[in-house]
Amino acid sequence: MSIKDITIVITSFKSEKKIRNCLNSIDGQYEVINVENSHNQDYKRKIEEEFKNVKCILTGENFGYGKANNIGLKEVRTKYALILNPDTELFSDTLEKFLDAAKQKPDFAIIAPNVVNDKKIESRDVTNLQIKVVKKVKGFAMLLNLQEFNEVGFFDEKIFIYLEEIDLCKRLLEKNKKIYWDSNIPIYHEGGRSHDSLLNDEMEL
């Protein structure tokens, strides 16, 4: 398995300040699709100029998390897609460890990482535990094995924001698909900070 097996999909909504830290943490050899829930041409121009591995798709309006992710996933041509939130950051070996886990569990539909709350932590300090089968994962970072989604589809576009990943996991389990959590895959997640704080009220509404 190699970098050619993963495309990263990031859905954003006026997340210009946050997403730069995320994109800077991703090895430039990996293809990234950023679906921006707006019609901000200036944002698209700046991101694609600054990050040559990023293709930015503007939706024209705020479609929400699920539908925007689906737009990005339909563009993916690799075997796997890594869903990321803009307020996540990868460690130097995060993607390599995702690929290691995929090799260990080739029957997976989703592999989720271990959230790390301190960016200064070294990935070697993360306790090496087993890969566990779980019933649900948090949606800020999920490696999807795309061939396992043929029957199920991706996110339910009727859900605008929140709980989309819970619904997706439920539908996968109904088809006997495997969902794993690997504590040995480190990822930093700020949490609840994917958009500018000035938009908090708008997002909650």
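Look up: the structure comes first, before these words.
Note that the structure is a prediction, hence the values are computed from the model and not measured.

1. Quick notes on the overall build of the protein chain
Within the protein chain, the regular secondary structure consists of six helices and nine strands. In the protein chain, which comprises 205 residues, the share counted as buried stands at 53%. In the protein chain, once contacts between residues fewer than 6 apart in sequence are set aside, the share between residues at least 24 apart is 76%. Summed over all atoms, the accessible surface of the protein chain reaches about 10,600 Å², with 47% contributed by carbon and sulfur.

2. Quick word on the packing of aromatic side chains
Following the criterion strictly, the structure yields three aromatic pairs and no others. With centroids separated by 5.3 Å and ring planes inclined at 45°, the aromatic side chains of Tyr80 and Phe108 adopt a geometry described as tilted. Taken together, the positions of Tyr80 in strand 4 (residues 80-84) and Phe108 in strand 6 (residues 108-116) put the pair 28 residues apart, joining distant regions of the chain. For the pair Tyr80 and Phe108, a shared accessibility class is recorded, and that class is buried. Taken together, a centroid distance of 5.5 Å and an interplanar angle of 35° make the contact between Phe149 and Phe154 tilted. Judged by relative accessible area, Phe149 falls into the buried class, the value being 3%. The ring centre of Phe63 lies 4.1 Å from the NZ or CZ of Lys67, which sits over that ring.

3. Looking at the packing of helix 1 (residues 16-24) against helix 2 (residues 41-50)
Where helix 1 contacts helix 2, the axes come no closer than 12 Å and their chain directions differ by 20°. It follows that helix 1 is roughly parallel to helix 2 by the angle criterion. The chirality of how helix 1 crosses helix 2 is right-handed. On the side of helix 1, the interface is formed by Glu16, Ile19, Arg20 and Leu23, while helix 2 contributes Tyr43, Lys46, Ile47 and Glu50. By residue class, the composition of the contact of helix 1 with helix 2 is four nonpolar, no polar and four charged.

4. Topic: the environment of Gln104
The residue Gln104 is located in helix 4 (residues 94-104) in this model. Separated by 27 residues in the primary sequence, Gln104 and Ile131 place their C-alpha atoms 9.1 Å from one another.

5. Concerning the pairing of strand 3 (residues 54-58)
Pairing of strand 2 (residues 31-36) with strand 3, which is carried by five bridges, proceeds in the parallel orientation. By the bridge assignment, Val35 is partnered in strand 3 with Ile57. Tracing the backbone out of strand 2, into helix 2 and back to the parallel element strand 3 gives a crossover that is right-handed.

6. Comments concerning the layout of surface pockets
As a volume, the second largest pocket reaches approximately 150 Å³. What lines the second largest pocket is Ala112, Pro113, Val115, Lys136, Val137, Lys138, Phe140 and Trp181. In terms of residue count, the dominant contributor to the lining of the second largest pocket is strand 6 (three residues). In terms of residue class, the lining of the second largest pocket is made up of six nonpolar, no polar and two charged.

7. A closer look at the nonpolar core
Of all hydrophobic cores here, the largest spans 32 residues; its most connected members are Ile8, Ile10, Leu23, Ile26, Leu84, Ile111 and Leu143. Ignoring sequence-local partners within four residues, the contact set of Ile26 consists of Ile8, Ile10, Val32, Asn53, Leu84 and Leu90. Tyr65, Ala81, Ile83 and Leu144 belong to the second largest nonpolar core, which has 25 residues in total.

8. Observations regarding the pattern of salt bridges
All chains considered together, the criterion is met by 15 salt bridges. Among the salt bridges present, the one from Glu190 reaches Lys18, with a minimum N-O distance of 3.2 Å. Residue Glu190 is found in the loop between strand 9 (178-189) and helix 6 (200-204), and its partner Lys18 is found in helix 1; the two are separated by 172 residues along the sequence. Two residues, Asp42 and Lys46, come together in a salt bridge whose shortest N-O distance is 3.2 Å. Residue Asp42 and its partner Lys46 are both found in helix 2; the two are separated by four residues, about one turn of the helix. Owing to a relative accessible area of 35%, Asp42 belongs among the partly exposed residues under this scheme. Linked by salt bridges that have partners in common, Asp42, Arg45, Lys46 and Glu49 make up one network.

Thresholds, definitions, all that
- Residues numbered from 1 in each chain as written.
- Predicted model: local features only at pLDDT ≥ 70, side-chain atom pairs only at ≥ 80, totals over all residues.
- Heavy atoms only, no water.
- Helix = DSSP H or I, 4+ residues; strand = E, 2+ residues; numbered from the N terminus.
- Buried < 20%, exposed > 50% of the residue type's maximum accessible area, 1.4 Å probe, protein only.
- Contact = heavy atoms within 4.5 Å.
- Areas by Shrake-Rupley, 256 points an atom, 1.4 Å probe, with all protein chains shown as cover.
- Phe/Tyr/Trp six-rings, centres within 6.5 Å; stacked < 30°, edge-to-face > 60°.
- Lys NZ or Arg CZ within 6 Å of the ring centre and 35° of its normal.
- Axes fitted to C-alpha atoms, helices over the stretch in contact; angles between N-to-C directions.
- Parallel < 35°, antiparallel > 145°, perpendicular 65-115°, else oblique.
- Left-handed = near helix turned anticlockwise from the far one by under 90°.
- Nonpolar A, V, L, I, M, F, W, Y, C, P; charged D, E, K, R; others polar.
- Pairing = 2+ DSSP bridges.
- Right-handed = clockwise from strand over helix to strand, strands pointing away.
- 1 Å grid on protein atoms, 1.4 Å probe; cavity = no way out; pocket = protein on both sides within 12 Å on 5 of 7 lines; lining within 4 Å.
- Points joined across faces, edges and corners; volume = space filled by probe spheres on them.
- Core = buried A, V, L, I, M, F, W, Y, C linked by side-chain atoms within 4.5 Å.
- Salt bridge = Lys/Arg side-chain N within 4 Å of Asp/Glu carboxyl O.

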